[in-house]
Amino acid sequence: MTISVIQAILIGLLYYLGINGTPWTTLLGSTILQKPLVSGVLVGCILGDPVQGAIIGAAIQLPFIAAGGAPPTDPGLAGTLGTALAMAAGVKPEAAIAMAVPIGLLGTIIWVLHMTIDVFFVHMIDKAADEGNMKKAEFLHIVPPQIVALLLGAIPVALGCYFGSGVVTKIITLLDGTPLRTLEVIGGILPAIGIAMNLRA
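Everything numeric here is computed off the predicted structure, so don't read it as measured data.

Thresholds, definitions, all that
Residues numbered from 1 in each chain as written. Predicted model: local features only at pLDDT ≥ 70, side-chain atom pairs only at ≥ 80, totals over all residues. Heavy atoms only, no water. Helix = DSSP H or I, 4+ residues; strand = E, 2+ residues; numbered from the N terminus. Buried < 20%, exposed > 50% of the residue type's maximum accessible area, 1.4 Å probe, protein only. Contact = heavy atoms within 4.5 Å. Areas by Shrake-Rupley, 256 points an atom, 1.4 Å probe, with all protein chains shown as cover. Phe/Tyr/Trp six-rings, centres within 6.5 Å; stacked < 30°, edge-to-face > 60°. pLDDT = per-residue confidence, 0-100. Expected span 1.5 Å × (residues − 1). Core = buried A, V, L, I, M, F, W, Y, C linked by side-chain atoms within 4.5 Å. Polar contact = N/O pair within 3.5 Å; in protein donor to acceptor, adjacent residues only side chain to side chain. Axes fitted to C-alpha atoms, helices over the stretch in contact; angles between N-to-C directions. Parallel < 35°, antiparallel > 145°, perpendicular 65-115°, else oblique. Left-handed = near helix turned anticlockwise from the far one by under 90°. Nonpolar A, V, L, I, M, F, W, Y, C, P; charged D, E, K, R; others polar.

Novice: Any chance you could explain the overall build of the protein here in plain terms?
Specialist: Across its full length, the protein holds eight helices and zero strands. Put simply, the protein runs from its N terminus to its C terminus through helices and strands in the order α-α-α-α-α-α-α-α. Every one of the 201 residues in the protein was classed for burial, and the buried ones make up 43%. Counting contacts in the protein only where the partners sit at least 6 residues apart, residues at least 24 apart contribute 75% of the total. Summing over all exposed atoms, the protein offers an accessible surface of approximately 10600 Å²; the carbon and sulfur share of this is 73%.

Put into structure tokens, the structure is as follows:
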């Protein structure tokens with residue numbers, strides 16, 4: 001399966017809408033779009049196969065089940081980009097998990113970069129508040145951080161979907177046989193680890 005430019009852009013926007021801290025997360029129900037099960041279904045709709053998107057999204061969801069605290073990776077990126085690349089490569093859900101978990105780790109880099117840039121806006125808000133200019137403070141609180149989140153979220157995911165689908169398909173073809181079966185076994189173990197951590201908590 002190939003991912004078109006429009007599909008890649010839509011998947012990038014879907015990831016942005018699920019980023020924690022955007023106004024849309026409140027409107028749409030507290031980061032529900034960040035859940036791999038939900039984002040997997042929506043990615044599947046974008047790619048024309050919502051059932052397969054749901055199957056892969058549900059598989060990716062399992063390692064990200066956590067009780068209390070925050071997972072050390074980004075489930076939104078794993079759910080959107082992971083599902084898209086897995087569908088493009090035509091892999092089994094177990095292999096999709098093994099692909100998605102490292103992708104989720106990359107999401108922490110995006111998040112740290114996003115928060116680092118947002119620090120500059122906080123100082124600008126403080127200055128506007130000292131001047132008594134609350135309209136400027138409100139603007140700086142909402143608009144620039146959302147533009148940064150959109151640029152740091154949607155663009156890398158869209159590029160990853162569009163250019164990465166062919167690369168992932170070639171890699172999966174090269175790994176056919178024992179390496180791919182190994183990935184599937186690892187992918188089968190990761191949900192058990194996620195559930196065990198949940199039970200331990």
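Novice: Honestly, the packing of aromatic side chains in this entry has me stumped. Any pointers?
Specialist: How two aromatic rings sit relative to each other is given by the distance of their centres and the angle of their planes. If you walk through the whole model with that rule in mind, you get one aromatic pair. Relative to Phe163, the ring of Tyr162 has its centre 5.0 Å away and its plane inclined at 80 degrees; by these criteria the two rings are edge-to-face.

Novice: Which parts of the structure should I look at to understand the confidence of the model for the protein?
Specialist: In low-pLDDT segments, the atomic positions of the prediction should not be examined closely. Overall, the prediction assigns the protein a mean pLDDT of 81, with 75% of residues at 70 or greater. Confidence, expressed as mean pLDDT per element, reaches its minimum in the protein at helix H2 (residues 23-28) with 61 and its maximum at helix H3 (residues 36-47) with 93.

Novice: How should I be thinking about helix H4 (residues 50-61) in this particular structure?
Specialist: Count 3.6 residues to each turn of an α-helix, and residues three or four apart come out pointing the same way. Under the 1.5 Å per step criterion, the end-to-end length of H4 is 16 Å for 12 residues, consistent within 8% with the ideal 16 Å. Restricting attention to buried positions, one finds in H4 the residues Gly53, Ile56, Gly57, Ala59, Ile60 and Gln61. Elements that come into contact with the buried residues of H4 comprise H3, helix H5 (75-89) and helix H6 (93-130).

Novice: Explain the nonpolar core to me, please; I cannot follow it from the model alone.
Specialist: Generally speaking, a soluble globular protein has its nonpolar side chains buried in company with each other. Within the largest apolar cluster, 37 residues are counted, with the highest numbers of intra-cluster contacts made by Ile3, Ile11, Leu47, Leu77, Ala84, Val91 and Cys161. Listed by contribution, the elements that provide at least two residues to this core are helix H1 (5-17), H3, H4, H5, H6 and helix H7 (134-174). Ignoring anything within four residues of it in the chain, the contact list for Ile11 reads Val43, Ile46, Leu47, Thr80, Ala84, Val157 and Cys161.

Novice: Looking at this model, I keep getting lost on the side chain of Gln146. Mind explaining?
Specialist: Among the structural elements, Gln146 can be located in helix H7. Within the structure, the side chain of Gln146 is placed 3.0 Å from the side chain of Tyr16, a separation counted as a polar contact.

Novice: In this structure, what is going on with the environment of Ala59? I would like to understand it.
Specialist: Position of Ala59 relative to the elements: it lies in helix H4. On a C-alpha basis, the gap between Ala59 and Pro36 in space is 8.4 Å, while along the polypeptide they are 23 residues apart. Other than its neighbours up to four places away in sequence, Ala59 contacts Pro93 and Ile97.

Novice: Help me understand the packing of H1 against H5 in this model?
Specialist: Angle between the axes and distance between the axes are the two parameters that describe a pair of packed helices. Axis separation between H1 and H5 bottoms out at 9 Å; the angle between their running directions is 165 degrees. Judged by the angle between their axes, H1 and H5 are roughly antiparallel. Classified by chirality, the crossing of H5 by H1 is right-handed. Only Gly76, Leu77, Thr80 and Ala84 of H5 make contact with H1, whose side of the interface consists of Ile11, Leu14 and Tyr15. In the contact of H1 with H5, the residues fall into five nonpolar, two polar and no charged.

Novice: Looking at this structure, I do not really get the environment of Ala89. What am I missing?
Specialist: With respect to the helices, strands and loops of the structure, Ala89 is situated in helix H5. Along the sequence, Ala89 and Thr2 sit 87 residues apart, while their C-alpha atoms lie 8.7 Å from each other.

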